[in-house]
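Below are the chains, spelled out letter by letter.
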Amino acid sequence: MYEDGWIPTVCYQCKAECSILALVKNGIVQEVKGNPRARGKMCVKGMAGITSLYSKERLTHPMKRVGERGEGKFERISWDEAMEMMETKLRALHEKGEGHKFTYSMFPHSASDPKWRFVNAYGGFISTGLPHCDSGKIMAHLHTFGCFPNHHIAPMYFSVPKGGLMILSGRHPFGCMDDACVAKDILDAKERGAKLIVIDPIFRPEAAKADWWIPIKPGGDAAFFLGVCNYLLLNNLHNKEFCDKWVREGDMEKLLDYIADKSPEKMSAICEVPAADIIKLAKMVAEAPSACIDAFKSIMYGNAMDWGQVWSIFLVITGNLDNPGGQPLPELTPMAPVNPVPTPPNLKELGYHRTGPNREKFDHYNFILEPTWYAAQAIKEGNLKIFFATECNPALSEMGAAAWREAVSMKDDDGNYMLDFFMVSEILPSETMKWADLVLPDQTNYERWELLYMPWWYNYSHGASLCRPVVKPVGEARHTNNVIIELGKRMFPEFFAFKDDVEYYDIELGGVGMSIDKLMENGGLWSPGTVGFYKYKDKKKFDTPSGKIELDWNMYADINQQWPSPELPLEYRKEEDNFPFILINFRTIFLNNTGAWSHNNAQLRDPVSGLDSNPIMINPIDASRLDINEGDTVFLESTTGKVSSIVQLTEKIKPGCIGIIHGFGQTVGQVATMVSCFNDNELIADAGSHLDEQDLRGGEAHVSTRVTIYK
Amino acid sequence: MKQLSIMVDMDRCIGCKTCVVACRNHHNLVNHRSHMPGEIPFYIKVESQAEGTFPHLKEDFWVSPCKHCKTAPCATACESGAIRKDAQTGIVLIDKDKCTGAKKCIEKCPYNVIQFNAEKNYAHKCNMCYDRVVHGEEPVCVEICLTNALSFGEKEILKMQAQANGKEIIKAMSSQSIIYVKSSS
Ligand code: SF4
Ligand code: SF4
């Protein structure tokens, strides 16, 4: 089964899952690189993936907790015992009719990931980090033009024409979250004459390469683009023909009414970008053959749905939908279903997000997955009983880290944990593991099978890619997919009648006339070679209820939120006096955010090839006012948390803001703990305990806060 | 003059360090099992320079491998004749069998690129992937660069290409055999 040579497979050092080649010699992975038959690139994290694979810290056998949760004390057990533990707990909850109190926090590798299938069969919910990052964008695009993008559907930079505008609004795509080829594609587009415009309160490599850097107040994106749209519409610079043809009748008039007072001058006061620059961008957009926006960090704040709606309006009035250089409308690769397909439970009725004292307000909640950030509150209220986590690290990734720890350690009056059972599967030690009852050793992408065909991946949005084992797994590591398939066979045999993961993928691949064997002969890739443009013209409609573009979100009319607010996110509009700075917790190419494996990867924590510190960045203007100097140890404090670290003075941040890198804070593993680095989520409020401030439309994540800084 | 060279396009390098890790993997510099951060040898490193005050900022990124100097100070310094500039390629090569571990080369290298294997007592550094290039392949960093910022070839040809593409050679940085270019603006 294993062979030497350059073997096509897939990287999983981050969620972009780029197609790669691995050089195997004598059963060992020696080198890796991007697959030239796909998009051809692999980033530094991917290159360092060999270090994760062979790290001496790999988890190699199942373990069960022996101390209290949080102590991180375990003893080795057999796989049989581990399977037994999971089955017993799962059966007991299911037999009580409380399947919906099971959640699985994971990253689905495809729309039919076998773990997701199990959760559906069981009647629980998957909860992914996806809502943190993308729900605002997903909901906005679903409501407006009926398609399902997320951060992986960046504009397809390889399609941007000469003169086209690539607008990055709170987005750092050189960090390779979409695909490792994106940086190259953006720079290639620039070379053919496209323009790169970076709207960002911090100056990162994207800004360094930009034709125009526009420092903005964090969270000001909705106001900024409302100003742009106002100018375009009031000066008849919008794409009238497109709007006449495709926008639902009456919506343009309502939009004009709503936007009439969102002048560049008024919006400038909110976003702190001069009105002249808002107008300048509007004029550039009007003249450009295409414009696209990529946003990520900016759409994780409390005004994500507002910003997402403004973004959608911008795309619509400029006609930049499914055109080269604009916003793609992705489709799912037509894989065959593995019948019978289990029906998921009703999320709106049973989902654990319906938590807290004002749970009835969640009637407007529209998101399609459970957001992890209500998990802590749901545990406290007895609405979550079994928690599985694979390839994620909620102890670090959850906003309100302290509340999360409290919830998973909380006991009832009888001394039993409120969360009855907690399983974590991982390849390397993770922070979350410390609270787990059961820890399972997972396989890396070099040891396992996986079929990838999510609609929203930049790299094969219109195809499929195969991750295959190229070397023998270490120790007793088992791929969690197979563990869950085995549980499925024991508990729901009707939905798991296939032999194993490979047979499952084989059946699915029949949908595109392929099989695992054929796919392997085909270099591990399948693609029709087209992405398709203007697909709505062929269909003569958009996939909205009216078949037209819907700008007016009338599903929120009764809470008076059918049009976007230009205001900054609520978390930035309160406590300004006590907490004068806005926190920017950004991402870098060297970390898979809170993912445990990049924190315990020696190359990614090496100063020459990675990142070995998480300083507190502040503009010298602010620092001198506060008598803070380079290298000082300072405290950062928010309404709910406090951390301390070393100061870095830098011109690369807008005054009034504090910059830190998101994802650090792991206290487990030799590499991760060489330098003590704090977790930004210690500063963020737990969303579930602040329900009055929460988004009730299902799109907003609140990953930031105001802070104060002092020595 | 026979000189192979790498040309670094500073319009494209983003300082992502992908080349650093790929180079280590290829040249077997990293012990994935036991190396800890800070102790892993490297043949190429990323440098950058930012200028200006908010909001008028500029920043350049580039990589620094061995510069394969025209008259290599490391070769002159080595008393055991372990370092030579290859006549056919212009690549500066260390013969680790001849190296006595005297570290004279490390003292004299103006660019601080020579690594030392203390366990086996020899100096080593970037050899422009000699074994690959003599078989018609590019050095690994050039092949895998995330942004295609690097090009490889005979120095005079690379200079001509830079000129044809409207790029300016940054003279102060390009005095040896690695060329640094940027758009003339
Ligand atoms: S972007 Fe992610 S998946 Fe792609 S090479 Fe880098 S780490 Fe691997
Ligand atoms: S891989 Fe390319 S872009 Fe990245 S640091 Fe190296 S030379 Fe620069």
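This report concerns the structure included in the present document.

The rules behind the values
Residues numbered from 1 in each chain as written. Chains lettered and ligands numbered in written order. Predicted model: local features only at pLDDT ≥ 70, side-chain atom pairs only at ≥ 80, totals over all residues. Heavy atoms only, no water. Near = heavy atom within 4 Å. Nonpolar A, V, L, I, M, F, W, Y, C, P; charged D, E, K, R; others polar. Pairing = 2+ DSSP bridges. Helix = DSSP H or I, 4+ residues; strand = E, 2+ residues; numbered from the N terminus. Axes fitted to C-alpha atoms, helices over the stretch in contact; angles between N-to-C directions. Buried < 20%, exposed > 50% of the residue type's maximum accessible area, 1.4 Å probe, protein only. Contact = heavy atoms within 4.5 Å. Buried area = accessible area lost by both parts, 1.4 Å probe. Salt bridge = Lys/Arg side-chain N within 4 Å of Asp/Glu carboxyl O. Polar contact = N/O pair within 3.5 Å; in protein donor to acceptor, adjacent residues only side chain to side chain.

**Digging into the site of ligand 2**
Move 1: Residues in contact with ligand 2 amount to 13 residues; listed here are only the nearest, Cys13, Cys16, Lys17, Cys19 and Cys145 of chain B.
Move 2: The residue makeup of the shell around ligand 2, split by class, is nine nonpolar, three polar and one charged.

**A closer look at the sheet that holds strand S8 (residues 150-154) of chain B**
All names here are of chain B.
Move 1: Taken in spatial order, the four strands of this open sheet run S8-S1-S10-S9, and their pairing is mixed. Whereas interior strands pair on both sides, the edge strands pair on one side only; in this sheet they are S8 and strand S9 (167-169). Each adjacent strand pair in this sheet contributes to an overall mean axis angle of 30 degrees, direction not counted.
Move 2: Sheet analysis places strand S1 (residues 4-9) next to strand S10 (residues 178-183), joined by four bridges and oriented parallel. In the strand pairing of S10, Val8 is matched with Tyr180.

**Notes on the pairing of strand S3 (residues 56-65) of chain B**
Residues and elements named next belong to chain B.
Move 1: The element S3 is extensively covered by neighbouring structure, given that eight of its 10 residues are classed as buried.
Move 2: Where strand S2 (residues 44-53) and S3 come together, 10 bridges link them in antiparallel fashion. Its bridge partner lying in S3, Gly52 is registered against Leu57.
Move 3: Here S2 folds back onto S3, and the loop between the two strands holds two residues.

**Thoughts on the interface of chain B and chain A**
Move 1: Taken together, the contacts link 47 residues of chain B with 48 residues of chain A.
Move 2: Summed over the three residues of chain B that lose the most area to chain A, namely His32, Phe54 and Leu146 of chain B, the buried surface amounts to 19% of that side.
Move 3: At the boundary of chain B with chain A, the tally comes to five salt bridges.
Move 4: Linking Glu143 of chain B and Lys33 of chain A is a salt bridge whose minimum nitrogen-to-oxygen distance equals 2.8 Å.
Move 5: Run the count over chain B and chain A and you get 20 residue pairs in polar contact (both at pLDDT 80 or more).
Move 6: For the side of chain B that touches chain A, the secondary-structure elements that each account for two or more residues are helix H1 (18-26), S2, S3 and helix H5 (140-144) of chain B.

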